[in-house]
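What the coordinates show
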Amino acid sequence: MAMTVAWTLMILAAVLYGAATGHAEAVGAAAAEGALRAVELAISMGGMVCLWTGVMEVLRRCGTMDALARALRPLLGRLFPAARRDRETMQALSANVSANLLGLGNAATPAGIQAALRLKELSGTDRASNELCRLVVMNTASVQLLPTTVAALRSAAGAADAFDILPAVWISSAASVCVGLLAARLMEGRT
């Protein structure tokens, strides 16, 4: 709701300022051009999102997600001890982490929601458990080995090498996850 009000006020201010300064035509042209570019960007991003979401579904159906869940079980089991013995929760967690590692925030969202619901169910309370908070921190910071969404955005914007940002992405995402998990650990038990 707050964002709706903020965007409405910004648009209204731009239109009023444009009208008051005699640039209403320029404001209208900029709005039309911005809308056109937004549609072009959405279409170019849609292909990449569809591709990687499809890849995640193929991995799930052919059993690779189960194998990945087993491979990630030691790490995820330490981060989410309540989920260790629950196969569905571990699968959702591993699918979420895998999609984030590939930079697929859109593909990670359904698995993240499923993992959050399973963690809530396992905690048996309506309050956010420490594990649920850890999941939120991990999804917010998200370690990315292959930032496909960012690369698609850079490619759509005309970057010569969309993946030349890899070292910076690796360092910043690893640092953000480590700091986020440390902060979550320090805040555990505080209400």
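See the structure printed just above.
Overview of the structure.

Parameters and conventions
Residues numbered from 1 in each chain as written. Predicted model: local features only at pLDDT ≥ 70, side-chain atom pairs only at ≥ 80, totals over all residues. Heavy atoms only, no water. Core = buried A, V, L, I, M, F, W, Y, C linked by side-chain atoms within 4.5 Å. Buried < 20%, exposed > 50% of the residue type's maximum accessible area, 1.4 Å probe, protein only. Helix = DSSP H or I, 4+ residues; strand = E, 2+ residues; numbered from the N terminus. Contact = heavy atoms within 4.5 Å. Expected span 1.5 Å × (residues − 1). Arc of directions from axis to C-beta. 1 Å grid on protein atoms, 1.4 Å probe; cavity = no way out; pocket = protein on both sides within 12 Å on 5 of 7 lines; lining within 4 Å. Points joined across faces, edges and corners; volume = space filled by probe spheres on them. Nonpolar A, V, L, I, M, F, W, Y, C, P; charged D, E, K, R; others polar. Salt bridge = Lys/Arg side-chain N within 4 Å of Asp/Glu carboxyl O.

On to the nonpolar core. By size, the foremost hydrophobic cluster in this structure holds 14 residues, and its most contacted members are Leu76, Phe80, Ala83, Leu93, Leu119 and Leu135. Of all the elements in the fold, those that place two or more residues in this core are helix 3 (64-79), helix 4 (87-101), helix 5 (105-123) and helix 6 (130-141). Per-element tally for this core: the top contributor is helix 4, with four residues. Setting aside chain neighbours within four positions, we find Leu119 in contact with Phe80, Ala83, Thr89, Leu93, Glu131, Leu132 and Leu135.

This next bit is on helix 8 (residues 166-187). Here helix 8 contains 22 residues, and its C-alpha end-to-end distance of 31 Å stays within 8% of the 32 Å for a straight helix at 1.5 Å per residue. Here helix 8 has its buried residues at Leu166, Val169, Ser173, Val177, Gly180 and Ala184. Buried residues in helix 8, looked at end-on, bunch into an arc of 75°, giving them a common side. Exposed residues pointing more than 90 degrees away from the buried face of helix 8 are listed as Ile171, Cys178, Val179, Leu182, Arg185 and Leu186. Its buried side turned inward, helix 8 meets helix 6. Backbone geometry just downstream of helix 8 places Gly189 in the positive-phi region, at approximately 85°.

Time to look at empty space enclosed by the protein. Inspection of every chain in the model, using the stated rule, returns one cavity of 30 Å³ or more. Computed from the structure, the largest cavity encloses a volume of approximately 40 Å³. Lining the largest cavity are Met48, Val49, Thr53, Leu104, Asn106, Ala107, Thr148 and Thr149. For the lining of the largest cavity, the secondary structure elements donating two or more residues are helix 2 (24-61), helix 5 and helix 7 (148-156). For the lining of the largest cavity, the element with the most residues is helix 2, which contributes three residues. For the lining of the largest cavity, the residue count by class is four nonpolar, four polar and no charged.

Estimated volume of the second largest pocket: approximately 300 Å³. As for the second largest pocket, its lining consists of 15 residues, and the residues nearest its centre are Leu75, Val97, Met138, Val143 and Val177. The set of elements that each furnish at least two residues to the lining of the second largest pocket consists of helix 3, helix 4, helix 6 and helix 8. Taken together, the residues of the lining of the second largest pocket sort by class into ten nonpolar, four polar and one charged.

Counting across every chain of the model gives eight salt bridges. Glu121 serves as the salt-bridge partner of Arg118, at 3.4 Å between the closest nitrogen and oxygen. Taken together, the residues span about one helical turn, with Arg118 and Glu121 both in helix 5 at a distance of three residues. Overall, Glu121 belongs to the exposed group, its relative accessible area being 57%. The salt bridge partner of Glu188 is Arg134, with a shortest N-O separation of 2.6 Å. Placement of Glu188 in the segment after helix 8 and of Arg134 in helix 6 is noted, with a sequence separation of 54 residues between them. Judged by relative accessible area, Arg134 falls into the buried class, the value being 11%.

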